[in-house]
Amino acid sequence: MVKTFKYIILGGGVAAGYAAREFAKQGLKPGELAIISKEAVAPYERTVLSKSYLHPECIELILSTEIVKADLAAKSLTSAGGETFSYQILLIATGSTVIRLSDLGVQGADAKNIFYFREIDDADKLYEAIKAKKNGKAVVVGGEHIGMELSAMLRCNNLDVTMVYPEPWCMSRLFTSDIAAFNEGYYAKKGVNIMKRTVVVGFTANSDGEVKEVKLKDGRVLEADIVVVGDGIRPQTALFKGQVEEEKGGIKTDGFFKTSVPNVYAVGDVATFPVKLYNELRRVEYAEHACQSARKAVEAIKAAEEGKTVEEYDYLPVLYSHQFGHAWEFYGDNVGDTVLFGDSSPESSIPKFGSYWIKDGKVVGAFWQGRIEEERDAMAYVARVRPSVQNVDELAREGFSFARKI
Ligand code: FAD
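Cut-offs and rules
Residues numbered from 1 in each chain as written. Predicted model: local features only at pLDDT ≥ 70, side-chain atom pairs only at ≥ 80, totals over all residues. Heavy atoms only, no water. Pairing = 2+ DSSP bridges. Helix = DSSP H or I, 4+ residues; strand = E, 2+ residues; numbered from the N terminus. Patch = residues over 30% accessible without salt bridge, like charges linked within 9 Å, V, L, I, M, F, W, Y side chains within 5 Å. Areas by Shrake-Rupley, 256 points an atom, 1.4 Å probe, with all protein chains shown as cover. Salt bridge = Lys/Arg side-chain N within 4 Å of Asp/Glu carboxyl O. Buried < 20%, exposed > 50% of the residue type's maximum accessible area, 1.4 Å probe, protein only. Near = heavy atom within 4 Å. Polar contact = N/O pair within 3.5 Å; in protein donor to acceptor, adjacent residues only side chain to side chain. Nonpolar A, V, L, I, M, F, W, Y, C, P; charged D, E, K, R; others polar. Axes fitted to C-alpha atoms, helices over the stretch in contact; angles between N-to-C directions. Left-handed = near helix turned anticlockwise from the far one by under 90°. Contact = heavy atoms within 4.5 Å. Expected span 1.5 Å × (residues − 1). Core = buried A, V, L, I, M, F, W, Y, C linked by side-chain atoms within 4.5 Å.

Turning our eyes to something else, we now look at the pairing of strand β1 (residues 2-10). As paired elements, β1 and strand β6 (residues 84-92) share 8 bridges and run parallel to each other. When the sheet's bridge partners are listed, valine 2 is paired in β6 with threonine 84. As defined by bridge partners, β1 adjoins strand β2 (residues 33-36) across 4 bridges and the pair is classed as parallel. Looking across to β2, one finds that leucine 10 is bridged to isoleucine 36.

With that out of the way, let us pick up unusual backbone geometry. Within the chain, serine 64 stands out as a residue other than glycine whose phi angle is a positive 50°. If you trace the backbone, serine 64 turns up in the loop between β3 (59-62) and β4 (67-71).

The next thing to look at is a nonpolar patch on the surface. Side chains of Tyr381, Val385 and Ile406 sit close together on the surface and give an oily, nonpolar patch of about 250 Å² of accessible area. Along the chain, isoleucine 406 falls in the segment after α8 (400-404). Residue isoleucine 406 is classed as partly exposed on the basis of its relative accessible area of 37%.

The subject of this paragraph is the sheet that holds strand β21 (residues 280-283). Strand order across the open sheet formed by 4 strands is β17-β18-β20-β21, with mixed pairing between neighbours. Sheet topology places β17 (246-247) and β21 at the edges, where each strand pairs with a single neighbour. Looking at chain direction, strand β18 (residues 250-252) and strand β20 (residues 271-275) are connected through 2 bridges and run parallel. The partner of isoleucine 251 across the bridge, within β20, is alanine 271.

If you check the shell around the ligand, you find 34 residues, and the closest are Ala15, Glu39, Arg118, Asp269 and Ala287. Contact between the ligand and lysine 38: a nitrogen atom at 3.0 Å from a main-chain N or O atom of the residue. At 2.9 Å, a backbone N or O of isoleucine 67 approaches a nitrogen atom of the ligand. When the ligand is considered free in solution it has 1,000 Å² of accessible area, and contact with the protein chains removes 93% of it. At the level of elements, α1 (14-26), α3 (145-156), α5 (287-305) and β22 (318-323) are the ones that each hand at least two residues to the shell around the ligand. Class assignment for the residues of the shell around the ligand results in 14 nonpolar, 11 polar and 9 charged.

Moving on: the packing of α1 against α5. The description of two packed helices rests on the angle between their axes and on the distance between the axes. At their nearest, the axes of α1 and α5 sit 8 Å apart, and the two run at 35° to each other. In the crossing of α1 with α5, the sense of the turn from one axis to the other is right-handed. Of the residues in α5, those touching α1 at Val14, Ala15, Tyr18, Ala19, Arg21, Glu22, Phe23 and Gln26 are Ala287, Ala290, Cys291, Ala294, Arg295, Val298, Glu299, Ile301 and Lys302. Across the contact of α1 with α5, the residue classes tally to 11 nonpolar, 1 polar and 5 charged.

Turning our eyes to something else, we now look at α3. Counted at 1.5 Å a residue, the expected span for α3 with its 12 residues is 16 Å, and the 17 Å between its end C-alpha atoms agrees. Among the residues of α3, those classed as buried are Gly147, Met148, Leu150, Ser151, Ala152 and Leu154. Among the structural elements, α2 (120-132), β9 (137-141), β10 (160-165), α4 (177-189), β15 (226-229) and β22 are those in contact with the buried residues of α3. Within two residues after α3, asparagine 158 carries a phi angle of roughly 65°, on the positive side.

Attention now goes to the environment of glycine 219. In this fold, glycine 219 is placed in the loop between β13 (211-216) and β14 (221-223). Assessed through its relative accessible area of 56%, glycine 219 is described here as exposed.

A few words now on the sheet that holds β14. Here 3 strands make up an open sheet; going across it, the order is β12-β13-β14 and the pairing antiparallel. This sheet does not close on itself; its edge strands, each paired only once, are β12 (200-205) and β14. Adjacent strand axes in the sheet meet at a mean angle of 25° when their direction is disregarded. Where β12 and β13 come together, 5 bridges link them in antiparallel fashion.

All right, on to helix α6 (residues 376-385) then. Residues of α6 that are buried include every one of Ala378, Met379, Ala380, Val382 and Ala383, and no others. Looking at the packing, one finds that the buried side of α6 touches β23 (326-332), β24 (337-343), β25 (352-359), β26 (362-370) and α8.

Formed by 76 residues in total, the largest nonpolar core has its most connected members in Ile9, Leu77, Leu91 and Tyr356. Discounting chain neighbours no more than four positions away, the residues touching leucine 91 are Ile8, Ile9, Leu10, Ala19, Phe23, Tyr265, Val267, Ala297, Val298 and Ile301. Counting 34 residues, the second-largest nonpolar core is a separate cluster that includes Phe115, Met163, Leu319 and Trp328.

In this section: the pattern of salt bridges. For the structure on display, the rule yields 24 salt bridges. Put simply, glutamate 246 and lysine 241 hold a salt bridge, and the shortest N to O gap is 3.0 Å. As a salt-bridge pair, arginine 404 and glutamate 375 come within 3.1 Å of each other at their nearest N and O atoms. With arginine 404 in helix α8 and glutamate 375 in the loop between β26 and α6, this residue pair connects regions lying 29 residues apart in the sequence. Owing to a relative accessible area of 1%, glutamate 375 belongs among the buried residues under this scheme. In this structure, a network of salt bridges that share partners links the residues Lys6, Lys302 and Glu305.

This is how it looks when you write it as structure tokens:
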């Protein structure tokens, strides 16, 4: 039997949750909307959205259901269990999947207690391992967002933590060497060991099949009870290959998240969309975008039904994190020259600093770190309006007050 819905959201992550909330806000009739997710739980945000936002009387939650075939021409989805779903409008919100070391051919990478981190189930498994390996040794592979956050979390759980990454400094895709120097110094102060400019080439396991050692390319060998890998993700677009236009590794959309196929929208990590501010197509893997893109797509769907129009998506990149009690946020574009200001010593009792990125004489990116949430709005605004800078030394002296006076 085919289950038919007016709207189907495929995926049960951040974008799916916000899209469902926007549908409910705009008005839904019972049975109009289904969310299909391979996860066993309702959409959750890896930060704020709770299940209570959803309206179960109007939304059918089809959980633990993996879609293995999508026929966009026939408007039909088929699950691994053989069920078929049809829709009038499809919102693709399938997000990303982790890159596994076993897929890269790393020797011994399927040993027990090697973890990846994407879904709630991954968090539960890691939690159990932390309890089982109390005060043990953890190796974190990767120095980007997930590697940083999980190293801090493992250290806070009293594990002896070593981070390994090939780049010259942490968060190298965003951080300047100055920002990284603060963070690496702060992590070292908290007891995290950092090994840079090398990669993991293999693992050994004990007689129970549990990971025991991590082998590095430079010949060093680390003992490990737990390994957490954060070596990147890839967008989940395989279901739609050859059926929809793609660009930059994602599904190409317009500024309303419409794809090249009528009545099919793509949001969140999978969408490659026009960034008005920079006049280029981009695909981003940030929570704020997942939430905003989902809202915009649903607004556009509902407006079209009523013969109305909505404003095109006007995205400002936002990235944030919080580790060892220190928040940081970044707005805009991290291109061009940089200037660092404020107190960025890891030894300082209350570090508070920031950085601007300057391109073609304009501030295009703004970063802050420390317990200074009051700077948030000014820093976001400066990245959005991109004011001119006459004198870079003066900008460094002014620091946050430059953004506040814009
Ligand atoms: P996801 O949230 O990944 O959801 C995709 C959903 O689709 C999942 O439920 C998946 O199971 C389901 N799915 C996929 N394929 C199928 C299928 N074939 N059938 C059925 N269901 C399917 N971003 C930030 O900006 N700041 C942060 O601090 C930050 N921290 C993060 C921490 C963690 C641990 C993780 C994992 C991510 C973090 N991110 C952060 C990134 C952010 O969470 C993602 O950008 C966001 O989740 C993307 O939302 P999405 O809905 O596109 O995809």
